[in-house]
Amino acid sequence: MGQNRTYAFFKGNFVPLEEANVNIMNNAFMYGTAVFEGVRGYWNERKEEMYVFRLREHFERMNDSMKIMHMELKYSVDEMCDIVIELLRRNAPRVDTYIRPSAYKAGQKVGPSLEGSPTDFCVFTVAFGDYFHGSPGLNVQISSWRRVEDNAIPARAKIVGAYANTALAKTDALLSGFDECIVLSENGHVSEGSAMNLFMVKRGQLITTPSTENILEGITRSSIMEFAEAEFGLKAVCRQIDRSELYIADELFFCGTGAQIAPIISVDKRRVGSGVTGPVTEKVRDLYISICRGEEPKYNKWLTPVYAGQKAEISAQKNPRAGSTAR
Ligand SMILES: Cc1ncc(COP(=O)(O)O)c(C=O)c1O
């Protein structure tokens, strides 16, 4: 097990990251025919533990993406979770970490058909801090790029090729001096951010866009909906949002594995609310981060600890009579 070496899971083995390379004739490289997940591991310094947030749910969603893309793998959801935990133990990070599993079409025939091309699975991990570099609030624009439609590239599947749409929207926003963008569906209603979902607060009500607006159905989004109701009595309403509603919202925030909870302070140069992080956003963000770091026992059901089981396994190996140590 390497202290300095970084490993990836590639073609069924744990290999040094620099050896995890695909051929340039790989179908996924040529045509974007891969699906993926972005998962976060949160380091808790006090407990000397890394918690992976909603690992199982990520692989359940990846299975849905795979189904849409005619992909099958020999690994079950549980086996993929085990691979991630084993990889993290080998890489042994002690900082917040991004975990990137992908299922990809691995054939090397020219031609974009999904049929007949084998599917492979890989995972890498990388240290990952704040997606927005500690920005206290985001200035965003409405993108002139529309979100990919369900009948073009289904947004509910996390398909690599669809992220060309994300890249165009995000790049234009950055080149125009904004931090992020909000993307509309072809019908002109709000969809989501470039790679994150959106919540609006208006007159004390929490509102988010529905799955039929070409969003990725975010795991952060559904977690917020669950704990906002349970802890703050805020039942989120899922409905279409007009562009102009954004201009007069009391609060707006993005959410996602990468973005976490990111307050929006202006849209198209119009100040949102009072132009600073609003009270609902603040309490949602604080509780979310506390949950992810393993500081809210009620929500530990959403976390997979990485090192606890390993310590138990090592002590069981040293002392085989010490009893069961199942993870
Ligand atoms: C397009 C898009 N929408 C929304 C999200 C948020 O999803 P999740 O909360 O599952 O990370 C992501 C990924 O982070 C994304 O890429």
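Look a little higher up for the structure.
Residues numbered from 1 in each chain as written. Predicted model: local features only at pLDDT ≥ 70, side-chain atom pairs only at ≥ 80, totals over all residues. Heavy atoms only, no water.

Q: Could you clarify how one ought to interpret the overall build of the protein chain in this entry?
A: Broken down by element type, the protein chain carries eight helices and 17 strands. Relative to the 2.2 N^0.38 estimate, which gives 20 Å for 327 residues, the radius of gyration of the protein chain is 21 Å and therefore close to what a compact globule would have. Seen through its principal axes, the protein chain has C-alpha atoms that stretch 65 × 50 × 30 Å. Long-range pairs, those at least 24 residues apart, make up 70% of the contacts in the protein chain with a sequence separation of at least 6. Accessible surface, the protein chain as shown: approximately 15,400 Å² in total, 51% of it carbon and sulfur. (Helix = DSSP H or I, 4+ residues; strand = E, 2+ residues; numbered from the N terminus. Rg over C-alpha atoms; globule rule 2.2 N^0.38 Å. Contact = heavy atoms within 4.5 Å. Areas by Shrake-Rupley, 256 points an atom, 1.4 Å probe, with all protein chains shown as cover.)

Q: I tried to follow the site of the ligand on my own but got confused; where do I start?
A: Inspection of the region around the ligand gives 15 residues, with Arg 61, Tyr 163, Ile 219, Thr 220 and Thr 257 positioned closest. One nitrogen or oxygen atom from the side chain of Arg 61 is found 2.7 Å from an oxygen atom belonging to the ligand. The side chain of Tyr 163 places a nitrogen or oxygen atom 2.4 Å from an oxygen atom of the ligand. Starting from 380 Å² of accessible surface for the ligand in isolation, the protein chains cover 96%. Residue classes in the shell around the ligand are distributed as five nonpolar, six polar and four charged. (Near = heavy atom within 4 Å. Polar contact = N/O pair within 3.5 Å; in protein donor to acceptor, adjacent residues only side chain to side chain. Nonpolar A, V, L, I, M, F, W, Y, C, P; charged D, E, K, R; others polar.)

Q: I would appreciate a short explanation of the pairing of strand E10 (residues 190-193) in the present structure.
A: For a regular strand, the rule is simple: side chains alternate between the two faces of the sheet. The pairing of strand E9 (residues 180-184) with E10 spans three bridges and is classified as antiparallel. Paired with Ile 182 across the strands is Gly 193, a residue of E10. Here E9 folds back onto E10 in antiparallel fashion, the turn holding five residues, of which Gly 188 has a positive phi close to 90°. (Pairing = 2+ DSSP bridges.)

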